[in-house]
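Coordinates in review
In case you want the letters, here they are:
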Amino acid sequence: MGWAQLWWIWIGAALVLLALEMLAPVYILLGFAVGALAVGLALLAGFQAGLPWLLLICAAVSLLAWVALRRGTGLRKGQTRIVTRDINED
């Protein structure tokens, strides 16, 4: 068993990404953390695959998590911010 098939490495990577997300809240690292956590939990449950498949699963789950986060936290349809006055004009 190689290092890529160890569940605790993937969950550790997810925790590191979550900590980095708290330092720089951009919602990108959170998606990667969800993907790494999903792979770690799958390996813990007994899923066996090679590194390319694990990376593909991590990328797919990360993309789905990013889309869900974007949909949940992004601008709503018809919601725009219109600036009518410059703050430096006084």
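This text goes with the structure placed above it.
Residues numbered from 1 in each chain as written. Predicted model: local features only at pLDDT ≥ 70, side-chain atom pairs only at ≥ 80, totals over all residues. Heavy atoms only, no water.

1. Describing the overall build of the protein chain
Heads up, the condition is: Only DSSP runs of H or I covering at least 4 residues are called helices, and only runs of E covering at least 2 are called strands; the numbering of each starts at the N terminus. Buried, partly exposed and exposed residues are distinguished by accessible area as a fraction of the type maximum, computed with a 1.4 Å probe on protein chains only: under 20%, between the cut-offs, and over 50%, respectively. Pairs of residues are marked as contacts when any of their non-hydrogen atoms sit within 4.5 Å. For every accessible area listed, the method is Shrake-Rupley and the probe measures 1.4 Å; residues are considered covered only by the protein chains on display.
Scanning the protein chain from N- to C-terminus turns up three helices and zero strands. Along the protein chain, from the amino end to the carboxyl end, the secondary structure elements read α-α-α. The C-alpha extent of the protein chain, read off along each of the three principal axes, is 65 × 25 × 20 Å. A total of 90 residues make up the protein chain; the buried ones form 21% of that total. Contacts in the protein chain between residues far apart in sequence, at least 24 positions, make up 61% of those at least 6 positions apart. Carbon and sulfur atoms make up 70% of the accessible area of the protein chain, which amounts to about 6,900 Å² in all.

2. Description of the side chain of serine 62
Operational definition: In the analysis that follows, any N or O atom pair within 3.5 Å is treated as a polar contact, provided that within protein one partner can donate a hydrogen and the other can accept it, and provided that, for residues neighboring in sequence, both atoms belong to side chains.
Examined against the element boundaries, serine 62 turns out to sit in helix α3 (residues 51–73). A distance of 3.2 Å separates a polar atom in the side chain of serine 62 from the backbone oxygen of glycine 31. Not counting chain neighbours up to four residues away, the residues in contact with serine 62 comprise Gly31, Phe32 and Gly35.

3. With respect to the nonpolar core
Selection criterion: Buried Ala, Val, Leu, Ile, Met, Phe, Trp, Tyr and Cys residues form a nonpolar core when they are joined through side-chain atoms within 4.5 Å.
In terms of nonpolar packing, the biggest core is built from eight residues, these being Trp10, Ala14, Ala36, Val39, Leu43, Ala49, Leu54 and Cys58. Mapped onto this core, the elements with two or more residues apiece are α1 (7–23), α2 (28–44) and α3. It is α2 that contributes the most residues to this core, three residues altogether. If near-sequence neighbours (up to four positions away) are discounted, cysteine 58 is found in contact with Trp10, Phe32, Gly35, Ala36 and Val39.

4. Digging into α2
The following threshold applies: To estimate how far a helix should extend, the number of its residues minus one is multiplied by 1.5 Å.
Spanning 17 residues, α2 covers 25 Å between terminal C-alpha atoms, matching the ideal 24 Å at 1.5 Å per step. Taken as a whole, α2 has its buried residues at Gly31, Ala33, Gly35, Ala36, Val39, Gly40 and Leu43. Downstream of α2 by one or two residues, glycine 46 has phi in the positive range, about 110°.

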